[in-house]
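# Geometric and topological summary
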Amino acid sequence: MKIHGDANSKHVAGERWHSDLSCDAEPPMGSILYLHTVPQVGGDTLWANMYAAYDALSPRMKAYLEGLTAEHNGEIIYRPITKEPDRVFPISSHPVVRVHPVTRRKCLYANSQYVTKINELSARESRAILDFLFDHCEQERYQCRFRWSPHSIAFWDNRCSMHQAIWDYYPRRAPATV
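To keep things clear, this report deals only with the structure shown in the data block.

To continue, consider the overall build of the chain. A count of helical and extended segments in the chain gives four helices and eleven strands. For the chain, the share of sequence-separated contacts (at least 6 apart) that also reach a separation of at least 24 residues comes to 81%. Accessible surface for the chain amounts to roughly 10,000 Å². Of this, 55% is attributable to carbon and sulfur atoms.

A complete count under the given rule lists five aromatic pairs for this structure. Ring centres 6.2 Å apart and planes at 85° place the aromatic pair Trp47 and Phe146 in the edge-to-face group. With a gap of 99 residues between them, Trp47 in strand β2 (residues 45–49) and Phe146 in strand β8 (residues 143–146) connect regions that are remote in the sequence. Given a relative accessible area of 10%, Trp47 falls into the buried group. Take Phe146: its relative accessible area is 27%, and that puts it in the partly exposed class. An aromatic cluster of at least three residues, connected via ring pairs, comprises Trp47, Phe146, Trp148 and Trp156.

In this section: unusual backbone geometry. A positive phi is found at Arg104, a non-glycine position, where the angle reads about 65°. Mapped onto the fold, Arg104 is located in the loop between β5 (97–99) and β6 (106–108). Residue class for Arg104 comes out exposed when judged on its relative accessible area of 56%. One non-glycine residue with positive phi stands out, namely His151, at about 70°. Tracing the backbone through its elements, the reader meets His151 in the loop between β8 and β9 (152–157).

Rules and cut-offs
- Throughout this description, residue numbers start from 1 for each chain and increase along the sequence as written.
- With the structure being a predicted model, the display of local features is reserved for residues of pLDDT at least 70 and the display and counting of side-chain atom pairs for 80 or more, all residues being used for whole-chain, interface and lining totals.
- Each side-chain value is derived from all of the structure's non-hydrogen atoms; neither hydrogens nor water enter the calculation.
- Secondary structure is summarised from DSSP: a helix means a run of H or I of at least four residues, a strand means a run of E of at least two, and numbering begins at the N terminus for each.
- Two residues qualify as a contact provided that any one of their heavy atoms is within 4.5 Å of a heavy atom in the partner residue.
- Computed by Shrake-Rupley with a 1.4 Å probe, the accessible areas treat only the displayed protein chains as cover when residues are assessed.
- The aromatic pairing rule takes the rings of Phe, Tyr and Trp, using the six-membered ring of Trp, and pairs them if the centres are within 6.5 Å, calling planes under 30 degrees apart stacked, those over 60 edge-to-face and the rest tilted.
- Three exposure classes are used, based on accessible area relative to the maximum for each residue type with a 1.4 Å probe and protein chains only: buried under 20%, partly exposed in between, and exposed over 50%.

So this is what it looks like as structure tokens:
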């Protein structure tokens, strides 16, 4: 998939915290990003460790979240940018606290780009808990920052992290990715 942005762009892909394609019934295990062209200044990517975010929760909050599921909605992300009015985009539910299939460690799995609600709660309760979780997960103490250089490659595990592209180079041209 190629991603491009320029002075006419209204946004760039990934500028909100997300785990790639979490709206899919079976989201991808990992992602690889290769940038051959980068802005002279800016354009970093942040990753957040969802193991650490889960571990930092109080025991009571961990118990509360256990068994809850969240709706990850691709429609809200992709509908505004598609030229295919009849296309259907995935909407899937996943545990808010998931167990990584390899490490067997618990981590949070909710991101502000795709997640629209917690299925087992009222709309008001859901919004309050999601606002808390998004704020909690996006803290700097869980983050690492990657500064891109031409021809850099990043590979990450979507099952226990989320990431965000930093669009601080506008209106210069966005990185070209493959």
